[in-house]
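Listed below are the residues making up each chain.
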Amino acid sequence: MRTLNLPTVNRSREIERIVNGMPTSDGAGVKLTRVLTHDLQRRLDPFLMLDAFRSDNADDYIAGFPDHPHRGFETVTYMLAGRMRHRDNAGNEGLLQNGGVQWMTAGRGIVHSELPEQEDGLMEGFQLWVNLPGKTKMTAPGYRDIPAADIPEFALAGGGALKLIAGKLGSEEGAVTRPDTEPLYLDLTIPAGGVYAVAIPAGHNAFVYVYRGALTAGDLARPVRDKQMGVLNNEGDGVSLRAAEETRLILVAGKPLREPIAQWGPFVMNSREEIEQAVDDFHNGRF
Ligand code: MN
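Reading guide: rules and limits
- Starting afresh in each chain, residues are numbered from 1 along the sequence in its written order.
- The predicted origin of the model limits local features to residues at a pLDDT of at least 70 and limits the giving and counting of side-chain atom pairs to 80 or more, whereas totals for whole chains, interfaces and linings rest on all residues.
- Hydrogens and waters are ignored; side-chain quantities use all the structure's heavy atoms.
- For salt bridges, the criterion is a side-chain nitrogen of Lys or Arg within 4 Å of an Asp or Glu carboxyl oxygen.
- Comment: elements are numbered from the N terminus, with helices defined as DSSP H or I runs of at least four residues and strands as E runs of at least two.
- Only protein chains enter the accessibility calculation, which uses a 1.4 Å probe. A residue is then buried if its area is under 20% of the maximum for its type, exposed if over 50%, and partly exposed in between.
- For Na, K and Ca the donor cut-off is 3.2 Å; for every other metal, N, O and S atoms count as donors within 2.8 Å. Water does not enter the count, which can leave sites looking incomplete.
- Take the buried residues of types Ala, Val, Leu, Ile, Met, Phe, Trp, Tyr and Cys, join any two whose side-chain atoms come within 4.5 Å, and each joined set is a nonpolar core.
- In this analysis, two residues are considered to be in contact whenever any of their non-hydrogen atoms come within 4.5 Å of each other.
- One bridge is not enough; two strands pair if DSSP finds at least two bridges between them.
- Lines fitted to the C-alpha atoms define the axes, with helices restricted to the stretch that makes contact. Angles between their N-to-C directions range from 0 to 180 degrees.

**A word on the pattern of salt bridges**
Alright, step 1. If you walk through the whole model with that rule in mind, you get 22 salt bridges.
Alright, step 2. The closest approach of N and O atoms between R54 and E124, which form a salt bridge, is 3.2 Å. Linking R54 in strand β5 (residues 47-55) with E124 in strand β12 (residues 123-131), this pair joins segments that are 70 residues apart in sequence.
Alright, step 3. Residue R54 is classed as partly exposed on the basis of its relative accessible area, which comes to 32%.
Alright, step 4. Here E117 and R85 are joined by a salt bridge, their closest N and O atoms 2.8 Å apart. With a gap of 32 residues between them, E117 in the loop between β11 (110-116) and β12 and R85 in strand β8 (residues 83-88) connect regions that are remote in the sequence.
Alright, step 5. Bridged by salt links that share partners, the residues R83, R85, R87, E93 and E117 form one connected network.

**Digging into the coordination of the manganese ion**
Alright, step 1. Coordination of the manganese ion by the protein comes from H68 (NE2), H70 (NE2) and H112 (NE2), over a distance range of 2.1 to 2.2 Å.
Alright, step 2. Going along the chain, you hit the donors of the manganese ion in the pattern H-x1-H-x41-H. Here H68 is found in strand β6 (residues 65-70), whereas its partner H112 is found in strand β11, with 44 residues between them in sequence. H112 matches H68 in its accessibility class, with the two residues each being buried.

**Things to note about the environment of G91**
Alright, step 1. Looking at where G91 falls in the secondary structure, it is placed in the loop between β8 and β9 (93-97).
Alright, step 2. Note: C-alpha distance between G91 and H112 (21 residues apart in sequence) is 9.6 Å.

**Let's talk about the nonpolar core**
Alright, step 1. F126 and Y185 are the most contacted members of the largest nonpolar core, which totals 30 residues.
Alright, step 2. Not counting the four nearest positions on each side in its chain, Y185 is found in contact with V76, Y78, F126, L128, K163, L164, I165, A166, I250, L251 and V252.
Alright, step 3. With 28 residues, the next largest nonpolar core counts L162, V208, V210 and A253 among its residues.

**With respect to the sheet that holds β9**
Alright, step 1. Spatial strand order, β6-β11-β8-β9: 4 strands in an open sheet with antiparallel pairing. Both edges of this open sheet fall to β6 and β9, since each of them pairs with a single strand only. Pairwise comparison of adjacent strand axes, ignoring direction, gives a mean angle of 25° for this sheet.
Alright, step 2. Bridge count between β8 and β11: 5 bridges; the pairing is antiparallel. Note on β11: the bridge partner recorded for H86 is E114.

In structure tokens, the structure reads:
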């Protein structure tokens, strides 16, 4: 594994808010933790939602997500453990598993299912919704399966590790780059006692979500713990992360679109009229 020298950060962003994920269920009864909710959509523009799931009880995930539509944004599913089968009405099919990512552009409309392909064992991962700008909300749907082996992975000095799912860090490029929202999505492991700084472009909204251990960032002594999100403020050229115990997290940042957000369930557009059109199109088989 190549070693990555993280670019220097001169001033760390601070944690402005710690958010507890809310236990909920979705699909046909999948238990999950909703981390990024409606009230944070403007603050964390262009990100619309983050769900985290982690269970070794099949009852929590076996029902999966049967056929359902999306329009107007992208869904990014990162599977840490487990197997999930994707099928959609554009004819795509793929198996998401063990460290792989699925990047789906719903665009003008897609109907898909996400169903577990295991009857026991651990299912763990995340689904992030990334908004599309008005000019590409009605683009053709697209779908990419990115196996774990295609995600750049680096060793960090001091024993840490980093997977660059999307975006750029210094001269390194992630598995995915996207226009307009320029998302940065990385999975970071910090060893006990480790300190790492990650550069984040000025003006991009950013957060961390901890899924093992606990970390502190910037000057705030209060830690962000397992199943908590830390919303980062926008002052500074990156963030300095410290962990007393081995800690795993995702760090997500993106360029805000600053457009109106109109959401009705799985449709995210700019106006109420466009939402009504989406509902009408879906019910009349135009997806
Ligand atoms: Mn879906």
